[in-house]
Amino acid sequence: MNNYRIALLPGDGIGTEVLEAAWPVLQTVAKQHDFSLEGVWLPWSCEYYRSHGKMMPADGVEQLKGFDAIYLGAVGLPDRVPDHISLRELLLAIRQGLDLSVNARPHRLLAGVPGPLRSSIPFDILCIRENTEGEYSGAGGRVHRGGDLEVAVETSIFTRAGVERVLRYSFEQARQRSGRLASVTKSNAQRHSMVFWDEMTDRVAADYPDVEVTRYHVDAIAARMITAPETLDVVVASNLFGDILTDIGAAIQGGLGFAASANINPTGGVPGMFEPVHGSAPDIMGKGLANPLATLWAGALMLEHLGESAAAADLMDAIEAVTVTGAGTPDMGGTLSTGELARQIQAVLGR
Ligand code: ATP
């Protein structure tokens, strides 16, 4: 029987609530598929920062390398620890330390969830965002600080290795889905980085003759996600463009309560990190209002990545067996608490 060691990082705010609600559901599905999940709870958070002066131990990333996957709630409580510290010292440190260069986010409507678009429009897109470089490289600075001539420079860095690995991962995903890939740039305006991205797309495409590639400018595909989402399947974009497109995707699928994400190092050898896209939502923390579906969906992505595809599919089916009834947390128009919704899904699995 396979046993997977999972690092559980509940983090802050509703992060702890959704992870504590989701974990028993994953345990149930594991049991039914004859594998086990051994969870180790790691209290790295803003609370940890207040008592230790740092968000995680100095060897935190090394500790994480000993796990098969990382399952994260949410990080950050800005009234206790400034976001630039909590995010940089925990989330970004893990992403960079494990070189989790691919951020994959499935966007589709769960059964019974209306979403803001006409329900007759099919919507099922996998957005893949480059996660470690590009526009968020942090290179740049201020010139002539303070005077009338003050200038701020933000430099995007696109490396051949960085672009190639996210493209290859995306082509692989497209091959496993419909065989269609949309590559997103703004190469009519950004003549260096985005033209390079297009060239790399052509080079990698030569190894995937079975995948049909369409190039889109980011503004055009943003509109297309709303007006004709059925024409899109796998979408790959840079860090900034992916950030924006995945927020559109989350909105179309019903909001942050549904948006799940997988942070993956496509070269393997280190654990991936699976998390809901939302933050710690201090406004609703401690009230049982948090929607656990994004976290459960992230759990399904984790099981899929571990190679337990049948368990992942069963978990998604159980989630939809509940959403189709109209049951849900208040953000879904329902009356269930975080724990009640998770337990309903667990009960479906136990039938
Ligand atoms: P950040 O992403 O910077 O940490 P934040 O923590 O302020 O931001 P988010 O958690 O991203 O905010 O969410 C914004 C709002 O969306 C929250 O204030 C909350 O009302 C709502 N929200 C987010 N996640 C959920 C959820 N799982 N269930 C219900 N509502 C949610």
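Here the structure is a predicted model, which is why all the values come from computation and not from measurement. (Residues numbered from 1 in each chain as written. Predicted model: local features only at pLDDT ≥ 70, side-chain atom pairs only at ≥ 80, totals over all residues. Heavy atoms only, no water.)

**With respect to the site of the ligand**
Of all residues adjacent to the ligand, which total 13 residues, the nearest are H278, G279, A281, D283 and N291. Separating an oxygen atom of the ligand from a backbone N or O atom of A281 is a distance of 3.0 Å. Here an oxygen atom of the ligand and a side-chain polar atom of D283 are 2.7 Å apart. Considered on its own, the ligand offers 610 Å² of accessible surface; in the complex 63% of this is hidden by protein. Broken down by class, the residue content of the shell around the ligand amounts to 6 nonpolar, 5 polar and 2 charged. (Near = heavy atom within 4 Å. Polar contact = N/O pair within 3.5 Å; in protein donor to acceptor, adjacent residues only side chain to side chain. Areas by Shrake-Rupley, 256 points an atom, 1.4 Å probe, with all protein chains shown as cover. Nonpolar A, V, L, I, M, F, W, Y, C, P; charged D, E, K, R; others polar.)

**Some details on the pattern of salt bridges**
Pairing is possible between side chains that carry opposite charge, provided their charged atoms lie close to one another. All told, the structure shown has 17 salt bridges when counted by the stated rule. Taking the shortest distance from any N to any O, the salt bridge between R177 and D124 comes out at 3.3 Å. Taken together, the residues R177 in the loop between α5 (160-176) and β8 (180-185) and D124 in strand β5 (residues 124-130) connect sequence positions 53 residues apart. R177 gets classed as partly exposed once you look at its relative accessible area, which sits at 33%. Note that R215 and D202 form a salt bridge whose closest N and O atoms lie 2.6 Å from each other. Residue R215 is found in strand β9 (residues 212-217), and its partner D202 is found in helix α6 (residues 193-205); the two are separated by 13 residues along the sequence. Taken together, the shared-partner salt bridges in this structure form one network comprising E47, R50 and R80. (Salt bridge = Lys/Arg side-chain N within 4 Å of Asp/Glu carboxyl O. Helix = DSSP H or I, 4+ residues; strand = E, 2+ residues; numbered from the N terminus. Buried < 20%, exposed > 50% of the residue type's maximum accessible area, 1.4 Å probe, protein only.)

**Things to note about the domain arrangement of the protein**
With domains assigned, the protein is organised as domain 1 (1-100 + 266-351) and domain 2 (116-252). Its C-alpha centre places domain 1 at a distance of 26 Å from the equivalent point of domain 2. Contacts between the two partners involve 4 residues from domain 1, matched on the other side by 4 residues from domain 2. Buried area between domain 1 and domain 2, summed over both chains or domains, comes out near 480 Å², and the portion from carbon and sulfur atoms is 52%. In this assembly, domain 1 and domain 2 are joined by 1 salt bridge. D99 is the salt-bridge partner of R165, the closest N and O atoms lying 3.0 Å from each other. Taken together, the links from domain 1 to domain 2 amount to 2 residue pairs in polar contact (both at pLDDT 80 or more). Class assignment for the residues of the side of domain 1 that touches domain 2 results in 2 nonpolar, no polar and 2 charged. (Domains from an automatic or database assignment. Contact = heavy atoms within 4.5 Å. Buried area = accessible area lost by both parts, 1.4 Å probe.)

**Describing the sheet that holds strand β11 (residues 260-264)**
Strand order in the open sheet formed by 10 strands is β2-β1-β3-β12-β11-β4-β5-β10-β8-β9, and the pairing between neighbours is mixed. In this open sheet, the two strands that pair with only one neighbour each are β2 (35-41) and β9. Geometrically, the sheet is characterised by an average inter-axis angle of 25 degrees between neighbouring strands, direction not taken into account. Relative to strand β12 (residues 272-276), β11 runs antiparallel, the two sharing 4 bridges. (Pairing = 2+ DSSP bridges. Axes fitted to C-alpha atoms, helices over the stretch in contact; angles between N-to-C directions.)

**Topic: the packing of aromatic side chains**
Describing an aromatic ring pair means giving the distance of the ring centres and the angle of the ring planes. A complete count under the given rule lists 4 aromatic pairs for this structure. Between W23 and Y71, the ring centres sit 6.4 Å apart and the planes meet at 55 degrees, which makes this aromatic pair tilted. Placement of W23 in helix α1 (residues 14-32) and of Y71 in strand β3 (residues 69-74) is noted, with a sequence separation of 48 residues between them. Relative to Y208, the ring of F171 has its centre 5.0 Å away and its plane inclined at 25 degrees; by these criteria the two rings are stacked. Placement of F171 in helix α5 and of Y208 in the loop between α6 and β9 is noted, with a sequence separation of 37 residues between them. Grouping residues by exposure puts F171 and Y208 together as buried. Above the face of the F67 ring, R5 is positioned so that its terminal group lies 4.5 Å from the ring centre. (Phe/Tyr/Trp six-rings, centres within 6.5 Å; stacked < 30°, edge-to-face > 60°. Lys NZ or Arg CZ within 6 Å of the ring centre and 35° of its normal.)

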